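Residue-level listing of the chains:
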Amino acid sequence: MYINCKTYFSFRYGTLSAKDLVKAAAEKGVPALALTNINSTCDCWDFVEACRLEGIKPITGAEVRNGDRLLYILLAANDEGIGWINDFLSAHLLEKKPFPEKAIEQSFFTNLADGFVIYPLEAREAEALFPNERIGVRPAEVNRLFGMDLKKYAASFVIRQPVTFLDKQHFNIHRLLRAIDKNVLLSK
């Protein structure tokens, strides 16, 4: 399962349509797929429909960022969860206030069964996680796990393999979108 996939509704970042993302997942035999566009849930229903047509379990959510900084990924476990994510995103985006760095006194979701929160590695200590929170580890970060008490907190870690583009052509589009977003030359 991939828990961090983006479409072109990750504005100035993603390159795929929901249909293309799901088609590629189906070709690889992926049983479940999570759509987590950056600060957006715009095409989640197109994604759900495409997943159902391909026999893939759809999971909706959002990758929450302040600027370029990844704070966490929110994944809905049910309809109440996606409703909460939409309310959360709307409240912050409409008022143009930054997203909180992490949940401090209580979990982000009102009901823990409504969704999951996945923090990037080293953004939160494993012992401070709420029951519905995990730490996402990218393959390039595996070496940073040495020295951590993994036996005690093994269930707190998940693999976070972002999917933003499929091939060299999509990668080049992604590079162009990032250059446009930063208002810099592609060579930078």
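Quick note: structure is the one above.
As a starting point, this report considers the structure included with it. Residue indices begin from 1 for each chain and proceed along its sequence in written order. Whole-chain, interface and lining totals are the exception, using all residues; otherwise, since this is a predicted model, local features are given only for residues with pLDDT of at least 70 and side-chain atom pairs are given and counted only at 80 or more. To obtain the side-chain values, all non-hydrogen atoms of the structure were used and water was disregarded.

### Structural notes on the sheet that holds strand S3 (residues 57-66)
The condition is simple: In this analysis, strands are considered paired if DSSP registers two or more bridges between them. Counting from the N terminus, the helices are DSSP H or I runs at least four residues long and the strands are E runs at least two residues long. Orientation is described by axes fitted as lines to C-alpha atoms, over the contacting stretch for helices, and by angles from 0 to 180 degrees between their N-to-C directions. In what follows, residue pairs with any heavy atoms lying within 4.5 Å of each other are defined as contacts.
As summarised here, the arrangement of the 7 strands in space is S1-S2-S3-S4-S5-S6-S7, forming an open sheet in which the pairing is mixed. Each edge of the open sheet carries a strand with a single partner, namely strand S1 (2-5) and strand S7 (157-159). Strand-to-strand twist of the sheet, defined as the mean angle between neighbouring strand axes without regard to direction, takes the value 30°. Two strands pair when backbone bridges link them, and strand S5 (residues 115-120) and strand S6 (residues 133-137) are joined in this way by 4 bridges, in the parallel orientation. Paired with Val117 across the strands is Glu133, a residue of S6. Its contacts with the sheet place helix H2 (residues 44-54) against strand S2 (32-38) and S3, and it is angled at close to 150° to S3.

### Things to note about the nonpolar core
What counts, and what does not: Here, nonpolar core refers to any group of buried Ala, Val, Leu, Ile, Met, Phe, Trp, Tyr and Cys residues whose side-chain atoms link them within 4.5 Å. Relative accessibility under 20% of the residue-type maximum defines a buried residue, over 50% an exposed one, and the middle range a partly exposed one, all with a 1.4 Å probe and only protein chains included.
Of all hydrophobic cores here, the largest spans 25 residues; its most connected members are Val64, Tyr72, Leu74, Ile85, Phe88 and Phe108. Within the residue set of this core, elements represented by two or more residues are S3, strand S4 (69-76), helix H3 (79-94), S5 and S6. Element by element, the count of residues in this core is highest for H3, at 5 residues. Dropping the residues within four chain positions of it, Val64 is found in contact with Asn39, Arg69, Leu70, Leu71, Tyr72, Leu74, Phe88, Leu89 and Phe99. Of all hydrophobic cores here, the second largest spans 15 residues; its members include Cys5, Ala18, Val30 and Cys51.

### Here we look at the packing of aromatic side chains
Heads up, the condition is: Any two rings among Phe, Tyr and Trp, with Trp reduced to its six-membered ring, count as a pair given centres within 6.5 Å; such a pair is stacked if its planes are under 30 degrees apart, edge-to-face if over 60, and tilted if neither.
Inspection of the entire model under this criterion finds 7 aromatic pairs. Ring geometry for Tyr72 and Tyr119: centres 5.8 Å apart, planes at 75°, overall edge-to-face. With a gap of 47 residues between them, Tyr72 in strand S4 and Tyr119 in strand S5 connect regions that are remote in the sequence. Assessed through its relative accessible area of 0%, Tyr72 is described here as buried. Where Phe88 meets Phe99, the ring centres are 5.6 Å apart and the plane angle is 35°; that geometry is what we call tilted. Highlighted residues: Phe88 in helix H3 and Phe99 in the loop between H3 and S5, separated in sequence by 11 residues. Taking relative accessible area as the criterion, Phe99 reaches 5% and is therefore assigned buried. Clustering of aromatic rings is evident, with ring pairs tying together Tyr72, Trp84, Phe88, Phe99, Phe108, Phe109 and Tyr119.

### Considerations on the pattern of salt bridges
Our working definition: Here, a salt bridge means any Lys or Arg side-chain nitrogen found within 4 Å of an Asp or Glu carboxyl oxygen.
Throughout the structure, instances matching the rule amount to 7 salt bridges. Here Arg69 and Glu101 are joined by a salt bridge, their closest N and O atoms 2.5 Å apart. Within this pair, whereas Arg69 is found in strand S4, its partner Glu101 is found in the loop between H3 and S5, the two being separated by 32 residues in sequence. Classification of Arg69 as partly exposed rests on a relative accessible area of 47%.

### Some points on H2
To be explicit about the condition: The arc in question is the one traced by the directions running from the helix axis out to the C-beta atoms.
Within H2, burial applies to Cys44, Phe47, Val48, Ala50 and Cys51. For H2, the angular spread of buried residues about the axis comes to 165°, placing them on one side. Counted as exposed and oriented over 90 degrees from the buried face of H2: Trp45, Asp46, Glu49, Arg52 and Leu53. Next to the buried residues of H2 lie helix H1 (18-27), S2 and S3. The first or second residue beyond H2 is Gly55, which carries a positive phi of 75°.

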